[in-house]
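Residue-level listing of the chains:
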Amino acid sequence: MLTPAAVLAVAVEQEGVIDNIFVSPRVHEATGGLVVLAMLVTTAWVGRLALANRPIEGGARVSLILTQVLLMVQALIGIKLLDQGLGVLQLYIHYVGGLIPLGLFVAAGWVSWRDPAVRTRATAVLSVLGTLSAAMAFVIGRAYVQGG
């Protein structure tokens, strides 16, 4: 079992390891495709629940969580690509558009709607906006990497 001191010692011995890893832009592109797919699935699922006036539970909740985790991983990969100096291949709107879906999910979590049906409808609307934003960021990202 690793103790906190052992974990710290390992981290100190391997300082800069993450900085020395090279991440291919293709990884970011593939993850972006997964993000767009997850956003579409989540939006369709939550939208269906909203139309039926049902709360978000079970699989829809898991879909929302998985989508948010994918968005976070995608953002971290993007940050690593920026660290590698590959940010010159992109427009600023690509960064903003890629982070908007995650921001919308965070904003939805800040509001505490008492009525589950209202919460589902609001989440559905925010999911649609997030999906449009993620798709825009994906298209712009691919266009500029292929063009650059």
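Our subject is the structure listed above.
One structure accompanies this document, and this report is about it.

## Brief notes about the packing of aromatic side chains
Here comes step 1: This structure, assessed with the given rule, holds one aromatic pair.
Here comes step 2: With a centroid separation of 6.4 Å and an interplanar angle of 80°, the aromatic rings of Tyr92 and Tyr95 are classed as edge-to-face. Placement of both Tyr92 and Tyr95 in helix 4 (residues 92–110) is noted, with a separation of three residues, approximately one turn of the helix.
Here comes step 3: On the basis of relative accessibility, which here comes to 66%, the residue Tyr92 falls in the exposed class.
Here comes step 4: For Tyr95, a relative accessible area of 26% translates into the label partly exposed.

## Some words on the nonpolar core
For soluble globular proteins, the rule of thumb is that nonpolar side chains tend to be buried together.
Here comes step 1: Ranked by size, the top nonpolar core spans 15 residues in total, and within it Val35, Met39, Val46, Ile56, Leu64, Leu71 and Phe105 carry the most contacts.
Here comes step 2: Looking at which element gives the most residues to this core, the answer is helix 2 (residues 25–51), with six residues.
Here comes step 3: With residues near it in sequence (within four places) discarded, Val35 still touches Leu70, Leu71, Gln74 and Ala134.

Reading guide: rules and limits
Residues numbered from 1 in each chain as written. Predicted model: local features only at pLDDT ≥ 70, side-chain atom pairs only at ≥ 80, totals over all residues. Heavy atoms only, no water. Phe/Tyr/Trp six-rings, centres within 6.5 Å; stacked < 30°, edge-to-face > 60°. Helix = DSSP H or I, 4+ residues; strand = E, 2+ residues; numbered from the N terminus. Buried < 20%, exposed > 50% of the residue type's maximum accessible area, 1.4 Å probe, protein only. Core = buried A, V, L, I, M, F, W, Y, C linked by side-chain atoms within 4.5 Å. Contact = heavy atoms within 4.5 Å.

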